[in-house]
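# Overview (structure and organization)
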Amino acid sequence: QARLAARARALGLPGDRLVTIAGAIEAQRFGLDPARYADLAGQVTAVIHCAATVNLALDRDRMEEWSQAGMATVLQFCNDSGAPLAFCSSTSVFPDTGGPFPEAPTAPFDGISGYGAAKIAAERAIADSGIAATILRLPSLYDLAEPNPRDIYEAILTACRQSGRLPQGLCFRMTDVRAAAAV
């Protein structure tokens, strides 16, 4: 909470403007008791959904199952609160052939990751819900200023540094998180 308060103040907002609420996205009412959920729904004016499991070791069915449960919870909350939704999807909904990409709905393709398939299913659920929504298909994001040492890309780069080798053609298509946040 302290980090959020500092960030809010840096943005010129009151320190209590951003709050954290512990819950589980895949649980009914986020796992909150009915009174807390109703209180929250009465205060929220917009929902930004960025939650995702980014684990390429999980199979597609498991990724889609978790995503569908979480999406159902978020859509119900948007309905209960009357709040519009901004959903962070991904360019993983497209084959890795480069862009430009269409803004239309897409369908799973041969070789799609569980992550990409889960994002497609979430986009479809949003479209079918009737909730006012914006879907942002973001590329892979990376924090250049504060890299996550547990990130797979960091692990690969560390292994390259330690071995003194770099595979020919190694390329990570990434966008700095700050550039995406500016959108």
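Anything mentioned here points back to the structure above.
The structure contained in this document is the topic of the report that follows. (Residues numbered from 1 in each chain as written. Predicted model: local features only at pLDDT ≥ 70, side-chain atom pairs only at ≥ 80, totals over all residues. Heavy atoms only, no water.)

### Overview of the overall build of the protein chain
Check the secondary structure of the protein chain and you find 6 helices and 5 strands. Reading the protein chain from its N terminus to its C terminus gives the helix and strand order α-α-β-α-β-α-β-β-α-β-α. Across the 183 residues that make up the protein chain, the buried fraction comes to 27%. Accessible surface, the protein chain: about 12,000 Å² in total, of which carbon and sulfur atoms supply 54%. (Helix = DSSP H or I, 4+ residues; strand = E, 2+ residues; numbered from the N terminus. Buried < 20%, exposed > 50% of the residue type's maximum accessible area, 1.4 Å probe, protein only. Areas by Shrake-Rupley, 256 points an atom, 1.4 Å probe, with all protein chains shown as cover.)

### A few points about the pattern of salt bridges
What the rule picks out here adds up to 5 salt bridges. Across the pair Arg178 and Asp143 runs a salt bridge whose closest N-O atoms are separated by 2.7 Å. Taken together, the positions of Arg178 in helix H6 (residues 177–181) and Asp143 in the loop between strand S4 (141–142) and helix H5 (152–163) put the pair 35 residues apart, joining distant regions of the chain. Look at Asp143 and you get partly exposed, because its relative accessible area is 23%. In this structure, Arg178 engages Asp176 in a salt bridge whose closest nitrogen and oxygen atoms are separated by 3.9 Å. Residue class for Arg178 comes out partly exposed when judged on its relative accessible area of 40%. Assessed through its relative accessible area of 19%, Asp176 is described here as buried. Residues participating in the shared-partner salt-bridge network are Asp143, Asp176 and Arg178. (Salt bridge = Lys/Arg side-chain N within 4 Å of Asp/Glu carboxyl O.)

### A word on a nonpolar patch on the surface
Residues Ile152, Ile156, Leu166 and Leu170 make up a contiguous nonpolar surface patch of about 350 Å² in total accessible area. You can call Ile156 partly exposed: its relative accessible area is 31%. (Patch = residues over 30% accessible without salt bridge, like charges linked within 9 Å, V, L, I, M, F, W, Y side chains within 5 Å.)

### Here's the deal with helix H2 (residues 34–43)
Here H2 has its buried residues at Tyr37, Leu40 and Ala41. End-on view of H2: buried residues confined to an arc of 100 degrees, all on one side of the axis. Facing away from the buried side of H2, by more than 90 degrees, are the exposed residues Ala35, Gly42 and Gln43. Packing partners of the buried residues in H2 comprise helix H3 (60–81). The distance from a side-chain oxygen at the start of H2 to the backbone nitrogen of Ala35 is 3.1 Å, and the residue carrying that oxygen is Asp33. (Arc of directions from axis to C-beta. Contact = heavy atoms within 4.5 Å. Polar contact = N/O pair within 3.5 Å; in protein donor to acceptor, adjacent residues only side chain to side chain.)

Structural measurements only, silent on function.
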